[in-house]
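Residue-level structure breakdown
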Amino acid sequence: MTRRRSTPWIHRWSRYLIAAIAVLGILDTAYLTLVEWGVIKEALCPTAGAINCNAVLQSNYAKIFGLPLSLFGLLGYAGMAALALAPLPLDPQEQKGLRSQVEKWTWLGLFAGATAMLFFSGYLFYLMAFEIKAFCLYCLASAVFSIALFVITIIGHAWEDLGQLFFTGIVVGMVALIGTLGLYASAKAPTAGGDSTGVEVGFTIQNSSGPAEIALARHLTQAGAKEYGAYWCPHCHEQKELFGKEAAAEFNYVECDPKGKNPRPNLCQAANIKGYPTWEINGQFYEGVQSLDKLADLTGYKGPRNFKNPIPGS
């Protein structure tokens with residue numbers, strides 16, 4: 001009489017573990033998506049030093065086709081959860097054949113999905129380390145989730161042909177990597193634009209200023225208004241484009257990143273600045289890009305308002 005070999009515990013629970021990790025990934029990426037869409041005011045994360053969520057989440061690499069990168073991550077995790085749970089509602093006795101087929105194909109889907117996510121997360125880690133030069137805790141957590149999904153997918157199933165599996169993984173990984181490189185081919189590095197001394201100066205302001213913009217900028221300085229920002233921040237650049245090149249040089253701008261031009265990070269820390277840009281006017285703080293009319297209203301500006309530059313996105 002032969003004894004039936006017991007199924008390893010990891011094989012019995014692997015789908016549940018994959019689903020649980022995918023749910024954590026969904027929560028992580030959903031939170032970042034809500035932050036990007038403004039539903040949540042800001043991500044709870046340090047904003048200076050090596051761990052700097054703002055530097056990552058506001059970089060040019062944080063969006064694909066105008067949509068938050070985290071939204072695509074959310075869809076990826078949701079797909080992994082769906083594949084992991086798909087066979088479980090099927091009765092192993094009455095629907096044995098169907099369940100067997102669903103298990104077979106969903107395992108292939110899980111492996112392909114986990115491999116693609118692993119390569120994609122690896123490239124994003126490279127961007128944070130060498131291009132953005134800052135790390136986001138939520139992005140690091142997502143990378144850990146991707147690694148965990150890949151490992152459990154490998155060890156959580158009795159794969160019959162490891163050679164074929166390895167070949168499939170290489171093909172999927174290369175497709176994922178080439179696709180990722182293609183998506184980011186036109187992305188502009190957020191730290192590009194240093195001067196001859198190596199100081200980071202950020203994006204070049206394209207718009208010119210009219211008399212109204214210059215008058216408002218000088219009024220803001222006289223009123224004691226300050227804009228806190230960072231050289232790598234796209235939204236700070238949008239704010240400067242509203243004023244134009246000449247006017248942007250007139251108002252009081254505080255550079256919060258120590259690597260930027262004329263940095264004053266101590267002022268940003270003292271003001272407890274959490275996001276960029278942030279305006280300080282009469283002791284009140286206003287986060288995000290502000291229209292010139294609103295800045296004029298907040299400071300009692302009485303000069304001309306025929307501002308020539310449109311609000312971004314209008």
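**Regarding the state of the cysteines**
All told, the structure shown has one disulfide when counted by the stated rule. The disulfide partner of C256 is C268, and the S-S distance across this bridge is 2.0 Å. Its S-S torsion of about -90 degrees marks the bond between C256 and C268 as left-handed, since a negative value means left-handed. Taken together, the residues C256 in the loop between strand 4 (252–255) and helix 10 (265–270) and C268 in helix 10 connect sequence positions twelve residues apart. Residue classification places C256 among the buried residues on the basis of a relative accessible area of 6%. For C268, a relative accessible area of 5% translates into the label buried. Left without a disulfide partner, C139 is nearest to the cysteine sulfur of C136, which lies 3.4 Å away.

**Section: the pattern of salt bridges**
Under the definition given, this model contains five salt bridges. In this structure, the salt-bridge partner of R218 is E250, at a minimum N-O distance of 3.5 Å. With R218 in helix 7 (residues 211–222) and E250 in the loop between helix 9 (245–248) and strand 4, the pair connects residues that are 32 residues apart, well separated along the chain. Given a relative accessible area of 31%, E250 falls into the partly exposed group. In this structure, the salt-bridge partner of D297 is R305, at a minimum N-O distance of 2.8 Å. Several salt bridges share partner residues, and in doing so they unite D293, D297 and R305 into one network.

**Regarding the pairing of strand 5 (residues 278–281)**
Side chains T278 and E280 project from strand 5 onto one buried face, and the interleaved W279 and I281 project onto a second face that is buried too. Alignment of strand 3 (residues 226–229) against strand 5, held across three bridges, turns out to be antiparallel. Within strand 5, the position partnered with E227 by the bridge is W279. Relative to strand 6 (residues 284–287), strand 5 runs antiparallel, the two being bridged by four bridges. Looking at strand 6, one finds that W279 is bridged to Y286. Count of turn residues in the strand 5/strand 6 antiparallel hairpin: two residues, of which N282 carries a positive phi of about 55 degrees.

**What to know about the environment of I154**
Among the secondary structure elements, I154 is positioned in helix 5 (residues 137–155). Under the relative-accessibility criterion, I154 is labelled partly exposed at 30%. The spatial distance from the C-alpha of I154 to the C-alpha of S14 is 9.8 Å, given a sequence separation of 140 residues. Other than its neighbours up to four places away in sequence, I154 contacts F111, W159 and L165.

**A look at the sheet that holds strand 6**
Here we have four strands laid out as an open sheet, ordered 4-3-5-6, and mixed in their pairing. Because the sheet does not close on itself, it has two edges, and the strands there are strand 4 and strand 6. Averaged over all pairs of adjacent strands, the angle between their axes in this sheet comes to 25 degrees, without regard to strand direction. Here helix 8 (residues 234–243) sits on the sheet in contact with strand 3, strand 4 and strand 5, set at roughly 145 degrees to strand 3. This element, helix 11 (residues 292–299), spans strand 5 and strand 6 of the sheet and lies at about 25 degrees to strand 5.

**Structural notes on unusual backbone geometry**
Among all residues except glycine, the phi angle is most often negative; among peptide bonds, the trans geometry is most common. Cis peptide bonds are those with omega within 30 degrees of zero, and the linkage from Y276 to P277 qualifies with -10 degrees. Note that P277 resides in the loop between helix 10 and strand 5. One non-glycine residue, N262, lies in the positive phi region at around 50 degrees. Within the secondary structure, N262 is located in the loop between strand 4 and helix 10. The phi dihedral of N282 falls on the positive side, at around 55 degrees, and the residue is not glycine.

**A look at the confidence of the model for the chain**
On average, residues of the chain score 87 in pLDDT, and 90% of them are at 70 or above. This stretch, residues 188–193, has a pLDDT under 50; its non-local contacts, to residues over four places away or in other chains, come to 21 contacts.

Definitions and limits used
Residues numbered from 1 in each chain as written. Predicted model: local features only at pLDDT ≥ 70, side-chain atom pairs only at ≥ 80, totals over all residues. Heavy atoms only, no water. Disulfide = S-S within 2.5 Å. Helix = DSSP H or I, 4+ residues; strand = E, 2+ residues; numbered from the N terminus. Buried < 20%, exposed > 50% of the residue type's maximum accessible area, 1.4 Å probe, protein only. Salt bridge = Lys/Arg side-chain N within 4 Å of Asp/Glu carboxyl O. Pairing = 2+ DSSP bridges. Contact = heavy atoms within 4.5 Å. Axes fitted to C-alpha atoms, helices over the stretch in contact; angles between N-to-C directions. pLDDT = per-residue confidence, 0-100.

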